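The residues making up each chain are set out below.
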Amino acid sequence: MLNEQKDLNFFKNMGHNINDFSEESINVAVSNNYAKKYADVICTEDINGNFVMMPVNQVQLWAKLEGEIRPAGRNRYKVWTPNALRRFILQYNPSINESTVRLEKSKLEKRKARGGGGNISGYKITPLFFVYADDCKDDGKYITFDIKDVWQLNPTIAGKMFFKTLKYEEVKSYYLELF
């Protein structure tokens, strides 16, 4: 999957997931991921709640497989691309005093807490960079924060399996016919 997207520019794609993968690369990614973890079978349940097991190398017979790169995943880290952060912040015409940044709040997208009932948890500088509201001083029109308080979201790649139509009886019949 990574080889198919080796020229991907995360900064140009931030805010948009990439799902353009060949069926073969997704199958390899799913199979290799489980093989490296020493799993011989995948266990799941069918549409009726029955327990079903299938060989890892045959999961594509039973599941819809998808691949996805999230240029701005859910895992946050201290900024690891400071030059990009600086470039994005400068687009907002901020006032900067040493490491303190002051930006017009209306130019930033609000970040809402998961399960927080719509409470603002922070401000997005871009889909990749954000600062928590608790780390900001807010005077109503501007927010002020230390550049060291900015977080960066880490890109992630995933192979996903969907068993929406899986039926135990079909899996059982398939493998009984082989023997």
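Residues numbered from 1 in each chain as written. Predicted model: local features only at pLDDT ≥ 70, side-chain atom pairs only at ≥ 80, totals over all residues. Heavy atoms only, no water.

(A) Main features of unusual backbone geometry. Phi at asparagine 93 takes a positive value of approximately 50°, unusual for a residue other than glycine. Looking at where asparagine 93 falls in the secondary structure, it is placed in the loop between helix H3 (82–90) and strand E5 (95–97). Its identity is not glycine, yet glutamate 98 carries a phi of approximately 55°, on the positive side. One can find glutamate 98 in the loop between E5 and strand E6 (100–104). (Helix = DSSP H or I, 4+ residues; strand = E, 2+ residues; numbered from the N terminus.)

(B) Main features of the sheet that holds E6. Overall, antiparallel pairing links the four strands, which are arranged E5-E6-E11-E10 in an open sheet. Bordering the open sheet on either side are E5 and strand E10 (137–138), each of which pairs with just one other strand. In this sheet, strand E11 (residues 142–146) lies alongside E6 in antiparallel orientation, the contact comprising five bridges. Paired with arginine 102 across the bridge in E11 is threonine 144. (Pairing = 2+ DSSP bridges.)

(C) Examining the pattern of salt bridges more closely. By the definition in use, this model includes five salt bridges. Ionic pairing is found between lysine 160 and glutamate 68, a salt bridge with its closest N-O pair at 3.5 Å. Taken together, the positions of lysine 160 in strand E13 (residues 156–162) and glutamate 68 in strand E3 (residues 64–70) put the pair 92 residues apart, joining distant regions of the chain. Each member of the pair, lysine 160 together with glutamate 68, is buried. Taking the shortest distance from any N to any O, the salt bridge between glutamate 109 and lysine 124 comes out at 3.5 Å. Here the residue glutamate 109 occupies a position in strand E7 (residues 109–112), and lysine 124 occupies one in strand E8 (residues 120–124), the gap between them amounting to 15 residues. (Salt bridge = Lys/Arg side-chain N within 4 Å of Asp/Glu carboxyl O. Buried < 20%, exposed > 50% of the residue type's maximum accessible area, 1.4 Å probe, protein only.)

(D) Focus on the sheet that holds strand E9 (residues 129–132). Pairing is antiparallel in the open sheet, where five strands are placed in the order E4-E12-E9-E8-E7. If you trace the sheet from one side to the other, it starts and ends with strand E4 (76–78) and E7, each paired once. Ignoring strand direction, the axes of neighbouring strands in this sheet form an average angle of 40°. (Axes fitted to C-alpha atoms, helices over the stretch in contact; angles between N-to-C directions.)

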